[in-house]
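Observations on chain architecture
This is what each chain is made of:
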Amino acid sequence: MTMYTLKQFVDDLDAITATEGDPAVITAKTAPLLKRLCLNPDAIPAECRTAPAGQRGRYMLHRAPRFNVTSVIWRPGDEADSHDHETWGLVGVVENEIQETRYTSSGRRDLGGRVTLGVKEVLRHKPGAVSMLVPPHDEIHAMYNPTKRDTVEIHVYGKDLAGLQRHTFGEDGTVKSLVSSKYMNC
């Protein structure tokens with residue numbers, strides 16, 4: 001059986017996003033494709049599966065007007081507190097595993113507003129697992145690598161997160177600004 005490649009994934013996603021605008025449909029159609037890609041770690045260049053010394057790895061694999069594909073490497077103990085994405089997205093695990101906490105929310109999600117977050121579920125994703133993020137009601141999550149090894153993921157988003165103002169949520173529910181880090185090229 002031929003392994004699914006990054007180019008095939010990008011071509012398939014380009015075809016989906018060219019004809020579909022509904023985030024729920026895009027993520028549902030793309031999730032099985034991302035799972036196939038994640039089950040072929042060699043589809044991601046080796047240099048994009050390694051975190052730079054002392055920081056989380058973030059590499060741009062494909063940038064296009066309708067979507068971006070990145071690899072993210074979580075070092076042991078790395079975490080991202082509860083946050084949103086302001087776009088549809090998918091997160092697939094390539095190597096190791098990651099803990100994801102999904103939230104429900106109510107309240108004002110504008111800066112300075114307050115939300116009430118409720119833990120919807122806590123998941124432990126292994127290679128091939130794909131999490132779908134569908135705004136506006138099912139896109140808030142937190143991530144944590146509880147293992148002693150790096151975790152490699154592929155992230156796919158409908159907007160370029162680099163520099164996009166998003167939100168993070170304080171323990172008291174205060175909505176704060178989150179500006180995404182830049183990505184390194186692969």
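Residues numbered from 1 in each chain as written. Predicted model: local features only at pLDDT ≥ 70, side-chain atom pairs only at ≥ 80, totals over all residues. Heavy atoms only, no water.

1. A look at the nonpolar core
Judged by nonpolar contacts, the single largest core of 27 residues is most densely connected at F9, L34, L37, V69, I154 and V156. Mapped onto this core, the elements with two or more residues apiece are α1 (6–19), α2 (23–38), β1 (57–63), β2 (68–74), β4 (89–95) and β9 (151–157). Here this core takes six residues from α2, the largest share from any one element. Formed by 12 residues, the second largest nonpolar core is a distinct cluster that contains V72, A80, V93 and Y183. (Core = buried A, V, L, I, M, F, W, Y, C linked by side-chain atoms within 4.5 Å. Buried < 20%, exposed > 50% of the residue type's maximum accessible area, 1.4 Å probe, protein only. Helix = DSSP H or I, 4+ residues; strand = E, 2+ residues; numbered from the N terminus.)

2. Focus on the environment of G77
With respect to the helices and strands, G77 occurs in the loop between β2 and β3 (79–83). Owing to a relative accessible area of 38%, G77 belongs among the partly exposed residues under this scheme. Considering only alpha carbons, one finds G77 and N96, 19 residues apart in sequence, at a separation of 13 Å. If we skip the residues at most four places from it in the chain, G77 touches Y144, N145 and T147. (Contact = heavy atoms within 4.5 Å.)

3. Topic: the side chain of S131
Mapped onto the elements of the fold, S131 is located in strand β7 (residues 130–133). Accessibility expressed as a relative area gives 3% for S131, which makes it buried. Of the polar contacts made by the side chain of S131, one reaches the side chain of E100; its length is 2.9 Å. Discounting chain neighbours no more than four positions away, the residues touching S131 are G89, L90, V91, E100, R102 and H125. (Polar contact = N/O pair within 3.5 Å; in protein donor to acceptor, adjacent residues only side chain to side chain.)

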